[in-house]
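# Reading the structure
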Amino acid sequence: MKPGKIRHARTLESLICLLCVSVVLVQAFGDGNPVWFSIGPAGDSGVDGQGYTSTGRVNALAFDPSSPNMLYAGSALGGIWVSTNRGGTWTPLGDHKGLPNLGVGAIAVAADHSIYWGVGDPFYNANHAVLTSYGGGVFKSTDGGGHWARTGTTLGCDGLSSQSTRILIDPSSASIVWVAASDGLYRSLDAGNCWRRLLAVSVSDIAMKPDDPTTLYVGGPGIPGTLQKTTNGHDTSPTFSPVGALPVTESNPRVLFAVTPADAQKLYIALAVGSHTDIMRSDDAGGNWTAGSTSVCSAQCDFGAALAASPQSPMLVIYGEVATDISNDGGITFASLDTGDIHAD
């Protein structure tokens, strides 16, 4: 694993954030000629002997919805960092705060500035520090990262102590929080005080339909059919049902989703296994599927995978792993975004 840098580009249209496992790419799509700049956090341990400044592997990225200048980045080994000026400077938020470890699997920020931290690195392998691979549940800060408290401590609720791969906050009610975790799908109706495990299987990713927060997509190797959907996510006991059959299936894949407010019916899914990734697109919220690229990735695909769709151009999708690729035709074909100096995993 070669550590990378956090970089960004600024062109004509609004920014879209792509999380690759060791580099955050903040990319604007307009003129087709990205220019990348390092926005840190800067490495301070010298080079790793292979020409890369050691800045660590980034697993999560989140903006504060009420303060667009505030950007949070979560490291596999070094906790959460915050920038109040869109990457100009960075401050660590997890050091010496009594957390079980400094691994970050997911970050979410509520409109009231509360920060949720999924503790533990869910994307470890034999070459990585084992200590941060242990899950620590979800911690929450209500004072900008000054203090952290374990969530789900209400008696009689379901315990959440595993690794988190995604945390979503309902835009219609900040009290409703969803967590995709290594041992299930969890939901809180009271801002993390109490968790209920709704599915007891490994969940790789979840996504919320942009125009309807009661509709969620849930994917993972333990989900029947790899992907299911609920349209009553606010109910006491949401029901989950299959969507249209995927044109390609894989054994034990890591599942990733991408949705876009530019077309709320569009849903992208990536099934990542060790040697390749299958990308598919639905234009009707999962009812029917179009098979896309199966050759966008060639190595450690299940480990170093990320998927993002443009918020303005619904047919524009990016896939990241060791390399980073862009599609302008809804995932059918991809072209490289690499500039020769980024090892994105």
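Note that the coordinates shown come from a computational prediction; the quantities given were computed from them, not determined experimentally. Counting from 1, residues in each chain are numbered in the order their sequence is written. Only residues with pLDDT of at least 70 are given local features in this predicted model, and only at 80 or more are side-chain atom pairs given and counted; all residues enter the totals for whole chains, interfaces and linings. Excluding hydrogens and water, the side-chain values take into account all heavy atoms of the structure.

### A short note on the nonpolar core
To be explicit about the condition: Throughout this description, the term nonpolar core refers to a set of buried Ala, Val, Leu, Ile, Met, Phe, Trp, Tyr and Cys residues connected via side-chain atoms within 4.5 Å. Under the scheme applied here, a residue whose accessible area is under 20% of the maximum for its type counts as buried, over 50% as exposed, and between as partly exposed, the area being computed with a 1.4 Å probe on protein chains only. Note on contacts: a residue pair qualifies if any of its non-hydrogen atoms lie within 4.5 Å across the two residues.
Membership of the largest hydrophobic core comes to 16 residues, with the highest contact counts inside it found for Tyr72, Ile80, Leu93, Ile107, Trp117 and Trp148. If near-sequence neighbours (up to four positions away) are discounted, tyrosine 72 is found in contact with Ala60, Leu61, Ala62, Asp64, Ile80, Trp81, Val82, Leu93, Ile107, Val109 and Ile115.

### Regarding the state of the cysteines
Linking two cysteines covalently via their sulfur atoms produces the bond known as a disulfide. This is how it is decided: The criterion for a disulfide is a pair of cysteine sulfur atoms lying within 2.5 Å. Under the DSSP-based scheme used, a helix requires at least four consecutive residues in state H or I and a strand at least two consecutive residues in state E, with every element numbered from the N terminus.
Counted by the stated rule, this structure contains 2 disulfides. Paired through a disulfide, cysteine 157 and cysteine 194 show a sulfur-sulfur distance of 1.9 Å. Taking the sign of the torsion about the S-S bond as the criterion, the disulfide between cysteine 157 and cysteine 194, at about -110°, is left-handed. In this pair, cysteine 157 is assigned in the loop between strand 12 (149-150) and strand 13 (164-169) and cysteine 194 in the loop between strand 15 (184-188) and strand 16 (196-199), connecting sequence segments 37 residues apart. Between the sulfur atoms of cysteine 297 and its disulfide partner cysteine 301 the distance amounts to 2.0 Å. When the S-S torsion is -105°, as for the bridge of cysteine 297 with cysteine 301, the disulfide is left-handed. By relative accessible area, which is 4% here, cysteine 297 ends up buried. Among the cysteines of the protein that take part in disulfides, numbered as they appear in the sequence, the pairing is 1-2, 3-4.

### Structural notes on the sheet that holds strand 23 (residues 277-282)
Keep this limit in mind: Note on pairing: two strands pair once DSSP finds at least 2 bridges between them.
In space, the 4 strands of this open sheet follow the order 21-22-23-24, with antiparallel pairing throughout. In the strand order of this sheet, the two ends are held by strand 21 (254-259) and strand 24 (290-291), each with one partner. Where strand 22 (residues 267-272) lies against strand 23, 6 bridges are found, and the strand directions are antiparallel. In the sheet register, tyrosine 268 faces strand 23, and the bridge partner there is arginine 281.

All we've got here are geometric facts, nothing functional implied.
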